[in-house]
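Summary of the model geometry
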Amino acid sequence: MGAKYAIGFDFGTESGRTLLIDVETGEEIGTYITHYNHGVIDEIPPTGKKLQNDWSLQDPADYMKVLYESVPEIIHQVQINPQEIIGIGVDFTSCTMLPLDNNHVPLCFNPKWSKHPHSWVKLWKHHAAQQEADEITHLAIKLGESFINRYGRKISSEWMFPKILQILRESPKIFEKTDLFLEACDWVVYRLTGSLVRSNATSGFKALWHKDAGYPDPQFLRQLDERLEHVADTKMRGNIRPIGSKAGELTKEMADRMGLPEGIPVAVGIIDSHAAVPAVGAVRNGQLVMTMGTSTCHMLLSDKKKMIKGITGVVEDGIIPGFYGYEAGQAAVGDIFAWFVNHSVPEYVKQQAMKEGLSIHKWLEREASTYKPGQSGLLALDWWNGSRILADSDLTGLIVGLTLGTKPEEIYRALLEATAFGTRKIIESFVEAGIEVDELFACGGLPQRNELLMQIYADVMNREIKIADSKQSSAYGAAMFGAVVAGKEKGGYNSIFEAADKIAKVKEKTYTPVPEHVKIYDQLYEEYKKLHNYFGCANNTMKNLKKLKLNCGFR
Ligand SMILES: Nc1ncnc2c1ncn2[C@@H]1O[C@H](COP(=O)(O)OP(=O)(O)O)[C@@H](O)[C@H]1O
Ligand SMILES: O=C(CO)[C@H](O)[C@H](O)COP(=O)(O)O
């Protein structure tokens, strides 16, 4: 059999990344980034009306552009025979959802509805349904609903039901005209295949669905709002299929538009950060993958089911079939470093970095690496965007130990360390709950960019850290799922386990803990925990400051 290829589509926040891989060797043959024409929409296109700050919408036409533009471009670049492409996988940000009409066409495509903001795609980071999310959390706790325990006892405003409830409350007409609310990942798969298949991953992590219990029951939904009583059977209907299975095959219409042969199998859609898990070969019990970028997502595979406070969620078969997939996270990581670089670096640092031809990050990293752990006398709390593990977005950042002699690079180092302590706290909460964490992997933009950061993580965790060997781990993982649904006879794989054994990729260089650093970081971590417990639970200064700020008219 000659070379065979698979395509992975990674639909991000600003662009879609398309990757073509050689299924047998894992070689990344071709890649293309399609920038969304409309990016993140903050005003309604036909009216130009400005949306409120916490709104984030998208245009589904941009997703189609990714499909139509990138595939012919890659095929042209690498000159392969499209007949040799045997499978397609799709990953997407989540919960990114949209309302569809009776013909499964996005409501926002209809000029009659497009001026209504609620007819557009709500991006994962649309945070305007916070009130609805809180309502769902409170009602579920009050009624003793067991589903809330799977989500660390807190429902996120990013998820499907808060978003639906917001639409219902603010635009009942759009709710009424919606035949289906669908995750964007499932809509793209539907457009590719013509099959309406929902992913068990997006349904499980973002739509409160469980493989035995289904969605929250109608009585619960009725108490939330009587118009929601039957929403699970009506507007949320659809065949929910497990990741790793085939959703359908490429239709003739789409094949023609993308320059591909008809009938290529397409995998059930997956969540973008989760797609990186098989890409690094994490397909076994106790393996934890950190996707480190602006924020960090921690994905852990386990054969044990535990309800853990402060995690984002646990879904059986939700990340890799056969395992309980746990997701936890830190709401800001790279964003904290970005804050420091953009708002707190003195002019001399900028000048010096420019003179040496370095980015400010690189300059600070170099200077910070001349310090030993503990040498700066600083300790920080990583709560610049709230704390996910304490499920409290009103908590804020903190640096202790500043003196007249403190240098910018010392603060930068304290911020890197703070995010490492935050990750250690997440790992410890898994371990304390009885879930083993045996092996750590890192992917995303940060591990490629900052060596000091990764060494600090290895030292703080006292564990070796393996680094993804692809700049496009999510697209790579999606392509692996494409190869799996193609199956062995067509040159693909029988399972994601087989694919991971053959073509998962980590760099040869790993980060290993330095024993002297570990000792000091153990001491610093004890102090971090004291600050965490005090400011997170015992002291309300952060909340009082926030209240004062709000009373003064700032958001
Ligand atoms: N050298 C660096 N060291 C630490 N952080 C960096 C460095 N370069 C960029 N960043 C931060 O990395 C983040 C972007 O990470 P990336 O993985 O590319 O993005 P995303 O999370 O959007 O996928 C930004 O918050 C940026 O401030
Ligand atoms: O909710 C998520 C995973 O459950 C992701 O954070 C969301 O999809 C956006 O991810 P990214 O910023 O890496 O594109």
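Residues numbered from 1 in each chain as written. Chains lettered and ligands numbered in written order. Predicted model: local features only at pLDDT ≥ 70, side-chain atom pairs only at ≥ 80, totals over all residues. Heavy atoms only, no water.

The protein chain is annotated in an unreviewed UniProt entry as Ribulokinase of Scopulibacillus cellulosilyticus. Per UniProt, the protein chain carries the Pathway (unreviewed entry) text "Carbohydrate degradation; L-arabinose degradation via L-ribulose; D-xylulose 5-phosphate from L-arabinose (bacterial route): step 2/3." UniProt lists a comment for the protein chain under the heading Sequence similarities (unreviewed entry), and it reads "Belongs to the ribulokinase family." (UniProt positions renumbered as here; feature names shortened; annotations may be inferred.)

1. Some words on the pattern of salt bridges
Tallied over the entire structure, the rule returns 31 salt bridges. Salt-bridge contacts for Lys211 lead to Glu316; the nearest nitrogen and oxygen are separated by 3.2 Å. Here Lys211, found in the loop between helix H6 (200-206) and helix H7 (218-224), pairs with Glu316, found in strand S18 (residues 313-316); they are 105 residues apart in sequence, far enough to count as distant. On the basis of relative accessible area, Lys211 is assigned to the partly exposed category, the value being 39%. Of the charged contacts in the structure, one is a salt bridge between Asp256 and Lys252, with a shortest N-O distance of 2.8 Å. A residue pair is termed a helical-turn pair when its members lie 3 or 4 positions apart in one helix, as Asp256 and Lys252 do in helix H8 (residues 252-258) at 4 residues. Look at Lys252 and you get partly exposed, because its relative accessible area is 46%. Each of Glu135, Arg169, Asp225 and Arg227 takes part in a single network of salt bridges with overlapping partners. (Salt bridge = Lys/Arg side-chain N within 4 Å of Asp/Glu carboxyl O. Helix = DSSP H or I, 4+ residues; strand = E, 2+ residues; numbered from the N terminus. Buried < 20%, exposed > 50% of the residue type's maximum accessible area, 1.4 Å probe, protein only.)

2. Structural notes on the environment of Ile167
Considering the arrangement of structural elements, one finds Ile167 in helix H3 (residues 160-170). Sequence-wise, Ile167 and His118 are 49 residues apart; in three dimensions their C-alpha atoms are separated by 6.1 Å. Setting aside anything within four residues of it in sequence, one finds Ile167 in contact with Met97, His118, Lys122, Pro172, Ile174, Phe175 and Phe181. (Contact = heavy atoms within 4.5 Å.)

3. A short note on the side chain of Thr406
For Thr406, the location among the structural elements is in the loop between strand S21 (398-400) and helix H13 (408-432). In terms of polar contacts, Thr406 uses its side chain to reach the backbone amide nitrogen of Thr403, at 2.8 Å. Each residue touching Thr406, except ones within four places of it in the same chain, is listed here: Leu378, Gly401 and Ile411. (Polar contact = N/O pair within 3.5 Å; in protein donor to acceptor, adjacent residues only side chain to side chain.)

4. Digging into the site of ligand 1
For ligand 1, the set of nearby residues contains 13 residues, the closest of which are Thr294, Gly334, Gly445, Arg449 and Asn450. At 3.0 Å from an oxygen atom of ligand 1 is found a main-chain nitrogen or oxygen belonging to Gly334. For ligand 1, the protein covers 70% of the area, taking 580 Å² as the surface of the free molecule. Counting residues per element, the ones that place at least two in the shell around ligand 1 are helix H10 (334-343) and helix H14 (445-449). Taken together, the residues of the shell around ligand 1 sort by class into 5 nonpolar, 6 polar and 2 charged. (Near = heavy atom within 4 Å. Areas by Shrake-Rupley, 256 points an atom, 1.4 Å probe, with all protein chains shown as cover. Nonpolar A, V, L, I, M, F, W, Y, C, P; charged D, E, K, R; others polar.)

5. A short note on helix H1 (residues 60-78)
Its 19 residues place the ends of H1 28 Å apart at the C-alpha level, agreeing with the 27 Å of an ideal helix rising 1.5 Å per residue. Taken together, the buried positions of H1 are Pro60, Asp62, Tyr63, Met64, Val66, Leu67, Tyr68, Ser70, Val71, Ile74 and Ile75. Between the side-chain oxygen at the start of H1 and the backbone nitrogen of Ala61 there is a gap of 2.9 Å, and the oxygen is on Asp59. Of the residues flanking the end of H1, it is Gln79, one or two places downstream, whose phi is positive at about 55 degrees. (Expected span 1.5 Å × (residues − 1).)

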